[in-house]
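# Tertiary structure, described
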Amino acid sequence: MFQSPLRIPLIKGRKTYQSITSDLLNPLMNKPAKLWYLGITLSGTALLFGAFMIFWTVWQGIGTFGENRTVGWAWDITNFVWWIGIGHAGTFISAILLLFRQKWRTSINRSAEAMTIFAVICAALFPIIHMGRALLAFFIFPYPNTRSLWVNFNSPLVWDVFAISTYFTVSLVFWYVGMIPDLGTLRDKIKKGFKKTIYKVLSLGWKGSARHWHRHEVTSILLAALATPLVLSVHSIVSMDFATSVIPGWHTTIFPPYFVAGAIFSGFAMVLTLMIITRKALKLEEYITVSHVENMNKILIATGSIVGLAYITELFISWYSGVEYEHFALMNRATGPYWWAYWIMMTCNVISPQLLWIKKLRTNIIFTFFLSIVINIGMWFERFVIVVTSLHRDFLPSSWTMYKPTIVEVGLFVGTLGFFFTAFLLFVRVFPVIAIAEVKSVVKTVGETHPENL
Amino acid sequence: MENINYISVSFDDEIPLLEAVGKLKESNEKILDVLTPFPVHGLDRALSMKRSRIPLIGFIFGAFGAIVGFGFQTWVFTINYPLVFGGKPFFSAPSFIPITFECTVLFAALGMVSAMLIKSKLKPDSKFIPFDENITNDKFIILISAEDVESARNRIKLTLSGINIIAIK
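Residues numbered from 1 in each chain as written. Chains lettered and ligands numbered in written order. Predicted model: local features only at pLDDT ≥ 70, side-chain atom pairs only at ≥ 80, totals over all residues.

### Remarks on the overall build of chain B
Broken down by element type, chain B carries 5 helices and 4 strands. Listing each helix as α and each strand as β along chain B from the N terminus yields β-α-β-α-α-α-β-α-β. Against the 2.2 N^0.38 benchmark of 15 Å for 169 residues, chain B shows a C-alpha radius of gyration of 26 Å, more extended than a compact globule. Taking all 169 residues of chain B together, 36% fall into the buried category. Counted over contacts in chain B with a minimum sequence separation of 6, partners at least 24 positions apart contribute 80%. (Helix = DSSP H or I, 4+ residues; strand = E, 2+ residues; numbered from the N terminus. Rg over C-alpha atoms; globule rule 2.2 N^0.38 Å. Buried ≥ 20, exposed ≤ 12 C-beta atoms within 10 Å, placed from the backbone. Contact = placed C-beta atoms within 7 Å.)

### So, the overall build of chain A
Each helix and strand counted, chain A has 15 helices and 0 strands in total. In terms of C-alpha radius of gyration, chain A reaches 23 Å, essentially the compact-globule figure of 22 Å for 454 residues. Summarising its shape, the C-alpha atoms of chain A cover approximately 70 × 55 × 40 Å along the three principal directions. For chain A, the residues scored as buried account for 50% of the 454 residues in total. For chain A, restricting intrachain contacts to residue pairs at least 6 apart in sequence, the fraction spanning at least 24 positions comes to 83%.

### A look at helix α1 (residues 17-29) of chain A
Residue and element names in this part refer to chain A. With 13 residues, α1 should reach 18 Å at 1.5 Å per residue; the first-to-last C-alpha distance of 18 Å fits that figure. Listed in full, the buried residues belonging to α1 are Tyr17, Ile20, Thr21, Asp23, Leu24, Leu25 and Pro27. Buried positions along α1 lie against α5 (156-189), α14 (407-430) and α15 (436-443). (Expected span 1.5 Å × (residues − 1).)

### Observations concerning the domain arrangement of chain B
With domains assigned, chain B is organised as domain 1 (6-37 + 135-168) and domain 2 (54-119). Look at where the C-alpha atoms of domain 1 of chain B and domain 2 of chain B centre, and you get two points 48 Å apart. (Domains from an automatic or database assignment.)

### Re the interface of chain A and chain B
Where the parts come together, the accessible area they lose is often given as the size of the interface. Facing 50 residues of chain A, the contacting portion of chain B comprises 52 residues. Here the side of chain A that touches chain B gets 16 residues from one element, more than from any other, and that element is helix α7 (residues 210-243) of chain A. A breakdown of the residues in the side of chain A that touches chain B according to their chemical character gives 23 nonpolar, 20 polar and 7 charged. (Nonpolar A, V, L, I, M, F, W, Y, C, P; charged D, E, K, R; others polar.)

### Comments concerning the sheet that holds strand β3 (residues 140-145) of chain B
All names here are of chain B. With antiparallel pairing, the 4 strands of this open sheet are ordered in space as β2-β3-β1-β4. Each end of this open sheet is capped by a strand with a single partner; those strands are β2 (31-35) and β4 (167-168). Across 4 bridges, β2 lies against β3 in antiparallel orientation. Bridge assignment links Asp33 to a residue of β3, and that residue is Leu143. (Pairing = 2+ DSSP bridges.)

### Focus: the packing of helix α3 (residues 75-99) of chain A against helix α8 (residues 255-281) of chain A
Residues and elements named next belong to chain A. Remark: α3 packs on α8, axes separated minimally by 7 Å, with the N-to-C direction vectors making an angle of 75°. As far as their axial angle goes, α8 and α3 are roughly perpendicular. Note on element contacts: α8 touches α3 through Gly262, Ala263, Ile264, Ser266, Gly267, Phe268, Met270 and Val271, opposite Trp82, Ile84, Gly85, Ile86, Gly87, His88, Ala89, Gly90 and Phe92. (Axes fitted to C-alpha atoms, helices over the stretch in contact; angles between N-to-C directions. Parallel < 35°, antiparallel > 145°, perpendicular 65-115°, else oblique.)

### Here we look at the environment of Trp82 of chain A
All names here are of chain A. Of note, Trp82 is situated in helix α3. Given 26 C-beta atoms within a 10 Å radius, Trp82 is considered buried. Residues Trp82 and Trp36, spaced 46 residues apart in sequence, show a C-alpha to C-alpha distance of 26 Å.

### Considerations on unusual backbone geometry
Residues and elements named next belong to chain A. Residues other than glycine seldom take positive phi values, yet Ser148 does so here, at roughly 45°. Looking at where Ser148 falls in the secondary structure, it is placed in the loop between α4 (109-130) and α5. Phi is positive for Lys283, which is not a glycine, with a value near 55°. Position of Lys283 relative to the elements: it lies in the loop between α8 and α9 (290-320).

### Quick word on the pairing of strand β1 (residues 6-11) of chain B
Residues and elements named next belong to chain B. Taking every second residue as pointing to the same face, the buried face of β1 carries Ile7, Val9 and Phe11, while none of Tyr6, Ser8 and Ser10 on the other face is buried. Bridge count for β1 against β3 is 6 bridges, and the pairing is antiparallel. Paired with Ser8 across the bridge in β3 is Leu143. In the sheet, β1 pairs with β4 via 2 bridges, with the strands oriented antiparallel. Residue pairing for β4: Ser10 is matched across the bridge by Ala167.

### A few points about the nonpolar core
Core analysis: the largest hydrophobic core is formed by 168 residues, its most contacted members being Phe268 and Val271 of chain A together with Met112 of chain B. Once residues lying within four places of it in the same chain are set aside, the contact partners of Val271 of chain A are Ala89, Ile108, Ala112, Met115 and Met296 of chain A. (Core = buried A, V, L, I, M, F, W, Y, C linked by C-beta atoms within 7 Å.)

### Re helix α3 (residues 54-80) of chain B
An ideal rise of 1.5 Å per residue puts 39 Å on 27 residues; α3 of chain B measures up with 36 Å between its terminal C-alpha atoms. Among all positions of α3 of chain B, only Ile54, Ile57, Gly58, Phe61, Gly62, Gly65, Gly69, Gln73, Val76 and Phe77 of chain B are buried. Each element contacted by the buried residues of α3 of chain B is listed here: α7 of chain A together with α4 (97-119) of chain B.

### Regarding the environment of Glu67 of chain A
Residues and elements named next belong to chain A. Mapped onto the elements, Glu67 comes out in the loop between α2 (34-60) and α3. Given 23 C-beta atoms within a 10 Å radius, Glu67 is considered buried. With 336 residues separating them in the primary sequence, Glu67 and Tyr403 have C-alpha atoms 6.5 Å apart. In this view, Glu67 contacts Gly72, Ala74 and Tyr403; residues no more than four positions away in its chain are not counted.

### A closer look at the environment of Glu324 of chain A
The topology assignment puts Glu324 of chain A in helix α10 (residues 324-335). C-beta crowding within 10 Å serves as the criterion here: with 10 such atoms nearby, Glu324 of chain A is assigned to the exposed category.

### Things to note about the confidence of the model for chain B
Of the residues in chain B, 98% have a pLDDT of 70 or more, and the chain-wide mean is 84. Listed scores for the predicted complex are pTM 0.90 and ipTM 0.89. (pLDDT = per-residue confidence, 0-100.)

### Some words on the packing of α3 of chain B against α4 of chain B
Residue and element names in this part refer to chain B. Relative to each other, α3 and α4 sit at 145°, their axes nearing to 7 Å. The interaxial crossing formed by α3 with α4 has right-handed handedness. Taken together, the residues of α4 that come into contact with α3 (itself represented by Ile54, Ile57, Gly58, Phe61, Gly62, Phe64, Gly65, Ala66, Val68, Gly69, Phe70 and Gln73) are Ile99, Thr100, Cys103, Thr104, Leu106, Phe107, Ala108, Gly111, Met112, Ala115 and Met116. (Left-handed = near helix turned anticlockwise from the far one by under 90°.)

Dropping the structure here:
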């Protein structure tokens, strides 16, 4: 097969199959570094703090939140949308980039998918406790009951339940199916003991037969084809939670594509944050290279620009439509008491990703790391702006109010961050963080004739 | 494979493996299985493998999911417990679509994955012993059925002369 000599290799350092296996299993086989213990102590503490706040909320009720009669949705729904959005990058990398045959995805898809799963768990927490009686959360599922009532299938909130539970299940299955061959590698590398038995069970007797690989590949590509519209549907439905209401500032037809672009934008920012730490901590610089970071940065420019366009379109339409409520809602966002949140959002999400047009900056790891955190913050504020500023000054000026979070709400958010990082730190210790078999299949087909590799 | 006589030929890369598969096919050897550490492209064609029917299974499950999702919502809102929501008709099909779609994807995905696992006989097995521990690392193996092992070994050696082989057993 002809390969352009201009195409740079995906993996640096002329790897053999054996060295790929040992490099990628290294983080699992050795004792973790001091940094790992430090990380898990911090994130574990945050997780415990959050767990206590969950207990406190369930015990006391949501009177512990700063929400009031005017602002009924606030910090928790902001977090819900933020986490769901972060999850989207994983499916985007593993499904959409697979359909587009983007081979560079092989170095990051495993951990991005793991991130999706943890993020969706974090997201699901918020609507459940926001229901007030978390122990009755199963009421949202349609099951035969003594009241002979069903859920309202016309409501986007119910669609959300279906969308998110399907998304979680399919992502989990996709992740696990992709991991079976690598679990086989782990099983064969570990010599004996309890760990070996665990991996034997998990790898489902994978033997690398050509027929099995064939079925495995067919299944993976079809799962990708299913997950692609799924991931677009999930955030579209989340956006309909807002868009189908009659609240000015929420009642917008642009929401579904705008939310999906925003989700992928924030998700890639989170992938970058995590990957830049991971490649350093686990010494995977040869697998997650600067060109991987650059590719992700290019996606940040694309999605960030769509998000910027959506913000500006929203502003334009609020003026052009001539609807005074819409006009007021948007003006209140930009110049009202929450102006600072709006302008943080604008700066972080619209202006900052434009810096990535400069090649020097988008290939700079430290700048990218810093920027990814800026974008994470900006996207959190986007949801905060949408949720809170649209509500706090409603149709009746006598009920205008301000919203301030309580320590319980902040604690819940910190707790989910703790869960997310704890889960990720445990994940890098028990599963191969990069898809070993997939990397092996691309190491020789891309860039072998590049001068850097000869 | 206790009762079958076979010969295993191992390689260290995909290109000699593909060449060898081609040559063995030409000389009408019966290839039992090919074991590789990663999916080798072109191997399914070289082995003239039949296309998997997993896409069909996925379609059937997906169609079933769509019918279940749409049918259930219709049944609930037109027959079992009709309720008026916002003055809309009982049978408000457009708003049934999101859940129908999610059910389609869920059923199709779970159906396909189960089909793959069942067809490949992949199941949790704590007693599993791999054919060779390096298959999942860097070894490529062809298993060839042979009635008389000694003569078959010499024959295969001759057929594969010129290809980079690690071992014939």
